[in-house]
Amino acid sequence: RATAIIRTVRAHVEIRSGTGSAGITLSIREEDPSGLGSLFRVENRTPFPIWVGQDGVLTNPVAGDQKKVRFSSINEDQSSTIGQSAGDLSGANGDMAGAMEQIAFGLDVPFRQGKYVGRKAASIEQLLQLRVCLAPLHSRDGVESTKVIGLSEVGNYVRLSPYRLTYTLGEDLATELLGVRVIGIVCADGPTRALRFCLME
């Protein structure tokens, strides 16, 4: 049986008692790829794939990540496929949560790259700023439709507009989606901070 792909790993650092602050224990544990029990989870309850990436991370986009995407239809009788399935795109274009899928999410740069000249250590609110959109982050539609949301506070929300995907969907189909919105809201599920996306018309 094929094993699930590891998406995130949780690390816990603690100082051992009685060592005079010299003894450190580092525990590393794999998290469930679907996000069950993970620190952060992205829940996509819409027929659109959603890309998520940490805001402010310095990265070099990879030309090979530019792929076409398959969209699931809201109605099975009106299924429409655009291009080929992109699978799981990560890296410069962010992590993709497919239609009706939930995934674990981890910070790419937990220290905000403060080692560069002129950059200071970030606060937890800055570290938990995420860029979200309905297309790969560095694609044309992604750049034009990206929104930023913070995971640090429950109740934060963002609205995404599928009609902005004119390059991916085409102008005719994008026009038909003028009244459709994808709402993302930050929720708490026990120890897990979840970013949940739902469809609203």
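Residues numbered from 1 in each chain as written. Predicted model: local features only at pLDDT ≥ 70, side-chain atom pairs only at ≥ 80, totals over all residues. Heavy atoms only, no water.

**A short note on the overall build of the protein chain**
Worth spelling out the cut-off: Strands are runs of DSSP state E lasting at least 2 residues, helices are runs of H or I lasting at least 4, and numbering of each runs from the N terminus. Working rule for contacts: check all heavy atoms of both residues, and any pair within 4.5 Å makes them a contact. Residue exposure ignores everything except the shown protein chains as possible cover, and the areas themselves are Shrake-Rupley values with a 1.4 Å probe.
The number of helices and strands found in the protein chain is four helices and 11 strands. For the protein chain, the proportion of contacts with a sequence separation of at least 24, taken over those separated by at least 6, is 60%. For the protein chain, the exposed surface amounts to about 11,800 Å²; the carbon and sulfur share of it is 50%.

**Quick notes on the sheet that holds strand 9 (residues 157-160)**
Applied cut-off: If DSSP finds at least two bridges between two strands, the strands pair. The convention used is that axes are lines fitted to C-alpha atoms, helices contributing only their stretch in contact, and that angles between N-to-C directions extend from 0 to 180 degrees.
Across the sheet, five strands lie side by side as 6-3-11-10-9; this open sheet has mixed pairing. What marks the edges here is a single partner per strand, and that holds for strand 6 (101-104) and strand 9. Across the sheet, the mean angle separating the axes of adjacent strands is 20° when strand polarity is ignored. Here strand 3 (residues 40-45) runs beside strand 6; their pairing, made up of four bridges, is antiparallel. The residue bridging Glu-43 from the neighbouring strand is Gln-102, located in strand 6.

**Here's the deal with the pairing of strand 7 (residues 129-133)**
Sheet topology places strand 4 (residues 50-54) next to strand 7; four bridges connect them, and they run antiparallel. Residue Val-52 lies in a different strand from strand 7, and its bridge partner there is Val-132. Bridging between strand 7 and strand 8 (residues 147-150) involves four bridges; their strand directions are antiparallel. Bridging across to strand 8, Arg-131 finds its partner in Val-148.

**A closer look at the pattern of salt bridges**
What counts here: Just to be clear on terms, a salt bridge is a Lys or Arg side-chain nitrogen sitting within 4 Å of an Asp or Glu carboxyl oxygen. The buried label applies to any residue whose accessible area, calculated with a 1.4 Å probe on protein chains only, is under 20% of its type's maximum; exposed applies above 50%, and partly exposed to all values in between.
This structure, assessed with the given rule, holds five salt bridges. Between Arg-45 and Glu-43 there is a salt bridge, with its nearest N and O atoms 3.0 Å apart. Taking the shortest distance from any N to any O, the salt bridge between Arg-196 and Glu-43 comes out at 2.5 Å. Here the residue Arg-196 occupies a position in strand 11 (residues 192-200), and Glu-43 occupies one in strand 3, the gap between them amounting to 153 residues. You can call Arg-196 partly exposed: its relative accessible area is 21%. With relative accessibility at 3%, the residue Glu-43 sits in the buried group. One network of salt bridges, with partners in common, ties together Arg-41, Glu-43, Arg-45, Asp-189 and Arg-196.

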